[in-house]
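Read off the chains here:
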Amino acid sequence: MKAIGYQHPAPISEASALVDIELPQPVATGRDLLVKVHAIAVNPVDYKVRQRAAAEPGQYKVLGWDAVGEVVATGAEVSLFQPGDRVYYAGDLTRPGSDAEYQLVDERLVGHKPSSLSDAEAAALPLTSITAWELLFEHLQLARTEPNGGQTSNEVLLVVGAAGGVGSILLQLARVLTGATIIATASREASRHWVNELGADYVVDHRQPLKPQIDALIAQHNLGPVTHIASLNATEDYFETYVDLLAPFGRIGMIDDPDTLDVMKLKPKSLSLHIEFMFARSMHQARDMGAQHELLQQVAQLIDQGHIRTTLGKQLGVINAANLRAAHAELESGRAVGKLVLEGFEP
């Protein structure tokens, strides 16, 4: 089968960073599905792994943790899917990824693809949907409501880094499934428009000090204090600001990798810090791995009912090494809006 991989970490400007290769087609056993991959999306985790981790000697490492495809075979213990099902999933960081024509994935990490979306549109969603859902409802513990039920609450959610892949779906989930007031950060005109469109009530500029802007919003619109923060990038830079902004017993949920944080600064307000890593369940074979299947099923339903939409930002062509190198380079630049997707393999 065709695949894209690498052997040693290299700058994305070098051809060896990602190369076209041929690998044996895997065989499904146990609870695994064998999926013929139709479309993939690229995430920061892809380039972070590529920059740091070498393949086993003489082997190639295959990245990719966002895919849409068709189930073509199942292991003997599979009960949730059958051949012919169209599926979407993020998968398991410890196994070969979706940058290949065929991939094995545990059925408990897979959902039925939203029927109203194209393959490319659906490929933009799994990893970020899982991350955003777990962050909002398992870590930050925002109060859930019925979809677009019109309920309001005293919760005020600040989303930092809102225009990226996780932020783009998190804003929608928060708008549709909570009664919180949503403040998003964005700086460029395109990203400000994007986050407004996806559900932010207010937008502040992360290139300027956040607290004066948010204090002004609170005073102007008679809002309560910030109660929850989804920190999607630069947590280390904003950490002291978060402590200043949050109400007592407020919650911070982060997904990035700060070098150091002085967590004792949280104590005077009894604040809590939560780290979301969507691969935790699959990497450690958690007893509730099936929670990701259920989550993806619910997201698909919300999409097909018209409550939320794809976060596809740009389609970069077929799935090959050259186009994947371009996707990694764009993500590394930090200027991507929405998700970057590739579709189909060359004959």
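Residues numbered from 1 in each chain as written. Predicted model: local features only at pLDDT ≥ 70, side-chain atom pairs only at ≥ 80, totals over all residues. Heavy atoms only, no water.

Peer 1: Please provide a residue-by-residue account of helix H7 (residues 235-245), values included.
Peer 2: What sets the pattern is the α-helix's 3.6 residues per turn: residues three or four places apart point alike. The set of residues buried in H7 consists of Thr235, Tyr238, Phe239, Tyr242, Val243 and Leu245. The arc that holds every buried residue of H7, seen down its axis, measures 155°, which confines them to one face. In this structure, the buried side of H7 is in contact with strand S8 (156-160), helix H6 (210-221), strand S11 (226-231) and strand S12 (246-254). (Buried < 20%, exposed > 50% of the residue type's maximum accessible area, 1.4 Å probe, protein only. Helix = DSSP H or I, 4+ residues; strand = E, 2+ residues; numbered from the N terminus. Arc of directions from axis to C-beta. Contact = heavy atoms within 4.5 Å.)

Peer 1: Describe the packing of H6 against H7, listing the residues and the values that go with them.
Peer 2: At a closest axis distance of 10 Å, the pairing of H6 and H7 adopts a crossing angle of 25°. One element, H6, and the other, H7, form an angle in the roughly parallel class. For the element pair H6 and H7, the recorded crossing hand is right-handed. Between H6 and H7, the contacting residues are Leu210, Lys211 and Ile214 on the first element and Tyr238, Thr241, Asp244 and Leu245 on the second. (Axes fitted to C-alpha atoms, helices over the stretch in contact; angles between N-to-C directions. Parallel < 35°, antiparallel > 145°, perpendicular 65-115°, else oblique. Left-handed = near helix turned anticlockwise from the far one by under 90°.)

Peer 1: Give me the lowdown on the layout of surface pockets, citing residues and values where you can.
Peer 2: Taken as a whole, the second largest pocket encloses approximately 180 Å³ of empty space. Lining the second largest pocket are 13 residues, with Met1, Pro26, Pro96, Tyr102 and Leu104 sitting closest to its centre. Looking at side-chain class alone, the lining of the second largest pocket contains ten nonpolar, two polar and one charged residues. (1 Å grid on protein atoms, 1.4 Å probe; cavity = no way out; pocket = protein on both sides within 12 Å on 5 of 7 lines; lining within 4 Å. Points joined across faces, edges and corners; volume = space filled by probe spheres on them. Nonpolar A, V, L, I, M, F, W, Y, C, P; charged D, E, K, R; others polar.)

Peer 1: Describe helix H10 (residues 321-333), with residues and values.
Peer 2: The terminal C-alpha atoms of H10, which comprises 13 residues, lie 18 Å apart, in line with the 18 Å expected from a rise of 1.5 Å per residue. Elements in contact with the buried residues of H10: strand S1 (2-5), strand S2 (19-22), strand S3 (32-42), helix H1 (44-52) and strand S15 (339-343). Its side-chain oxygen placed 3.3 Å from the backbone nitrogen of Ala322, Asn320 serves as the N-cap of H10. (Expected span 1.5 Å × (residues − 1). Polar contact = N/O pair within 3.5 Å; in protein donor to acceptor, adjacent residues only side chain to side chain.)

Peer 1: I'd love a proper account of the packing of helix H3 (residues 126-139) against helix H9 (residues 290-304), names of residues and values included.
Peer 2: Where H3 contacts H9, the axes come no closer than 10 Å and their chain directions differ by 105°. One finds that H3 runs roughly perpendicular with respect to H9. In this structure, H3 uses Pro126, Ser129, Ile130, Trp133 and Glu134 to contact H9, whose residues at the interface are Gln292, Leu295, Leu296, Gln298, Val299 and Leu302. Classifying every residue of the contact of H3 with H9 by side-chain character gives seven nonpolar, three polar and one charged.

Peer 1: Kindly report on the sheet that holds S8, identifying the contributing residues and their values.
Peer 2: Strand order across the open sheet formed by six strands is S10-S9-S8-S11-S12-S13, with parallel pairing between neighbours. At either end of the open sheet lies a strand with only one pairing partner, and these are strand S10 (202-204) and strand S13 (272-275). Each strand axis lies, on average, 20° off the axis of its neighbour in the sheet, ignoring direction. Bridge count between strand S9 (residues 181-185) and S10: three bridges; the pairing is parallel. Each bridged residue has a counterpart across the sheet, and for Ala184 the counterpart in S10 is Val203. (Pairing = 2+ DSSP bridges.)

Peer 1: Lay out the pattern of salt bridges with the relevant residues and their values.
Peer 2: Going through the model one piece at a time under the given rule, you end up with 14 salt bridges. Between Lys211 and Asp215 there is a salt bridge, with the nearest N and O atoms lying 2.9 Å from each other. Remark: Asp215 and Lys211 occur in helix H6; sequence separation between them is four residues, near one turn of the helix. Of the residues examined, Lys211 reaches a relative accessible area of 28% and is grouped as partly exposed. You can call Asp215 partly exposed: its relative accessible area is 33%. (Salt bridge = Lys/Arg side-chain N within 4 Å of Asp/Glu carboxyl O.)

Peer 1: How would you sum up the side chain of Asp66? Please name residues and give values.
Peer 2: Tracing the backbone shows Asp66 in the loop between H1 and strand S4 (67-74). For Asp66, a relative accessible area of 0% gives the class buried. Here the side chain of Asp66 touches Asn43 through a polar contact of 2.9 Å, side chain to side chain.

Peer 1: Describe the environment of Gln298, with residues and values.
Peer 2: Position of Gln298 among the secondary structure elements: in helix H9. Judged by its relative accessible area of 32%, Gln298 is partly exposed. Distance in space between the C-alpha atoms of Gln298 and Ala122 is 14 Å, their sequence separation being 176 residues. When near neighbours in sequence (up to four residues on either side) are disregarded, Gln298 contacts Trp133 and Arg144.

Peer 1: Tell me what's going on with the pairing of S4, and back it up with residues and numbers.
Peer 2: Here S3 runs beside S4; their pairing, made up of seven bridges, is antiparallel. Counterpart to Leu34 in the pairing with S4 is Ala73. As paired strands, S4 and strand S5 (residues 86-89) are joined by four bridges and run antiparallel to one another. Looking across to S5, one finds that Ala67 is bridged to Tyr89.

Peer 1: Describe the nonpolar core, listing the residues and the values that go with them.
Peer 2: Counting residues in hydrophobic clusters, the biggest one holds 89 residues, and the most contacted among them are Leu157, Val159, Leu171, Leu173 and Val195. Broken down by element, the residue count for this core peaks at eight residues, all from helix H4 (residues 165-177). If sequence neighbours within four positions are ignored, Leu171 has contacts with Val159, Ala162, Ile182, Ala184, Val195, Leu198 and Ala200. Counting 21 residues, the second largest nonpolar core, distinct from the first, contains Leu158, Ile183, Val204 and Leu217. (Core = buried A, V, L, I, M, F, W, Y, C linked by side-chain atoms within 4.5 Å.)

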